[in-house]
Amino acid sequence: MKIGMALSGGGARGIAHLGVLKALKEQGIEPDMISGVSAGAITGALYAVGYQPDEVLEIFITTKMFRFLRPAMSKMGLLKMEKTDELYLKYLTGNSFEKLKIPLIVSATNLNEGETVYFSQGELIKPVQASSCIPVLFEPIRFNGCTYVDGGILNNLPVEPLLDVCDCIIGVHSNPYDTQQPLNSMRTVMERTLLLAVQYNVKERIKCCDLFIEPAGLKRFTTFDIAKAREIFEIGYQHTMEMAPQIEELKKVKNIPERVVQEVDISEKP
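Conventions used here
- Residues numbered from 1 in each chain as written.
- Predicted model: local features only at pLDDT ≥ 70, side-chain atom pairs only at ≥ 80, totals over all residues.
- Heavy atoms only, no water.
- Helix = DSSP H or I, 4+ residues; strand = E, 2+ residues; numbered from the N terminus.
- Buried < 20%, exposed > 50% of the residue type's maximum accessible area, 1.4 Å probe, protein only.
- Contact = heavy atoms within 4.5 Å.
- Areas by Shrake-Rupley, 256 points an atom, 1.4 Å probe, with all protein chains shown as cover.
- Pairing = 2+ DSSP bridges.
- Arc of directions from axis to C-beta.
- Axes fitted to C-alpha atoms, helices over the stretch in contact; angles between N-to-C directions.
- Parallel < 35°, antiparallel > 145°, perpendicular 65-115°, else oblique.
- Nonpolar A, V, L, I, M, F, W, Y, C, P; charged D, E, K, R; others polar.

### Concerning the overall build of the protein chain
If you tally the helices and strands in the protein chain, you get eight helices and eleven strands. Counting across all 270 residues of the protein chain, residues that qualify as buried make up 54%. Excluding contacts between residues fewer than 6 apart, the proportion of contacts in the protein chain whose partners are at least 24 apart in sequence is 75%. Within the structure as shown, the protein chain displays about 12,500 Å² of accessible surface, and the carbon and sulfur contribution to it stands at 55%.

See the structure below:
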């Protein structure tokens, strides 16, 4: 039995993925493969390298990632991602897909070809940066002769790499939107436009999931609410714990065996 998990983008709301992963683990489910995009690629990479959900949460809170971003000083974006290299190198030691404990697929949008590209071998950090490179806000990532931006633009629930490979697919979407939110500024209009585009490309992919998790409580948060990380984490955790009946049914239908996984202390990480 091979369990695949697709983790969506969602900015700061993607921290909810960690709460979901923690709750699923407590209910006897862990992914054998992760397909992540944007925020899902970041959380997926840190989880795949061996950190526990609570540990990844502390990394997000203590590092204050936005302080590693600097003005792009170009016409292609407001911020550069290169300064995050040192942060990723600290926690993704080895900078290689092959050194991860859980197989990971990272998706990004090839801006030249207008298509989704899946990365699963070789250098890890550049694909993760490309996958979470929100257009206009960040200068595009150039990698292997191509220009990449956020993978969620074309596919915000990357289930495709898991099809025909995994026996059970769990989709986690951290990007619901509040239809009652006032649209009274350029920022809110831009964010809603992006959310609508992203939401549209998710609908058909939900049908590929044996279990779909979308915490409604995330609607009240914005893409940049990183200061509310603990609250977002808790919403993902509580929502998934409340789905216990559906999860138990999934385990019966898919004949998922109970798993006993030992916690690994953060000091033992590479």
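Moving on from the model shown.
### Regarding the pairing of strand 6 (residues 115-119)
In the sheet, strand 5 (residues 104-110) pairs with strand 6 via five bridges, with the strands oriented antiparallel. Its bridge partner being in strand 6, Ala-108 is matched across the sheet by Val-117. Where strand 5 folds back on strand 6, the antiparallel hairpin that results is connected by four residues, among which Gly-114 adopts a positive phi of roughly 65 degrees.

### Considering the environment of Pro-31
By secondary structure assignment, the location of Pro-31 is in the loop between helix 1 (16-26) and strand 2 (33-37). The class of Pro-31 is buried, set by a relative accessible area of 6%. Linking Pro-31 and Ile-170, residues 139 residues apart in sequence, is a C-alpha distance of 8.7 Å. Contacts of Pro-31, omitting those with residues within four sequence positions, involve Ile-3, Met-5, Leu-21, Tyr-47 and Ile-102.

### Observations regarding helix 8 (residues 244-253)
Burial in helix 8 covers these residues: Ile-247, Leu-250 and Lys-251. One face of helix 8 carries all of its buried residues, which in axial projection span an arc of 100 degrees. Exposed and facing more than 90 degrees away from the buried side of helix 8 are Pro-245, Lys-252 and Val-253. Buried-residue contacts for helix 8 involve helix 1, strand 10 (168-172), strand 11 (211-213) and helix 7 (229-242). A positive backbone phi angle near 55 degrees is found at Asn-255, which sits one or two residues after helix 8.

### Description of unusual backbone geometry
One non-glycine residue, Ser-38, adopts positive backbone phi at about 55 degrees. Along the chain, the position of Ser-38 falls in the loop between strand 2 and helix 2 (39-49). Assessed through its relative accessible area of 7%, Ser-38 is described here as buried. At Asn-144, a residue that is not glycine, the phi angle is positive and equals roughly 55 degrees. Inspection of the secondary structure assignment puts Asn-144 in the loop between strand 8 (141-143) and strand 9 (146-150).

### Looking at the packing of helix 7 against helix 8
Across the interface, helix 7 lies against helix 8 with an axial gap of 5 Å and an inter-helix angle of 60 degrees. Looking at the two axes, helix 7 sits oblique to helix 8. Taken together, the residues of helix 8 that come into contact with helix 7 (itself represented by Thr-240, Met-241 and Glu-242) are Ala-244, Pro-245, Gln-246 and Ile-247. Here the residues of the contact of helix 7 with helix 8 are counted per class, giving four nonpolar, two polar and one charged.

### Re the pairing of strand 5
Put simply, side chains in a regular strand alternate between the two faces of the sheet. Burial analysis of strand 5 places seven of its seven residues in the buried class, the great majority of the element. Side chains of strand 5 alternate between two faces, with Leu-104, Val-106, Ala-108 and Asn-110 and Ile-105, Ser-107 and Thr-109 buried alike. Where strand 2 lies against strand 5, four bridges are found, and the strand directions are parallel. Along strand 5, the bridge assignment pairs Ile-34 with Leu-104. With three bridges joining them, strand 5 and strand 9 adopt antiparallel strand pairing. Across the sheet, residue Ala-108 finds its bridge partner in strand 9, namely Asp-150.

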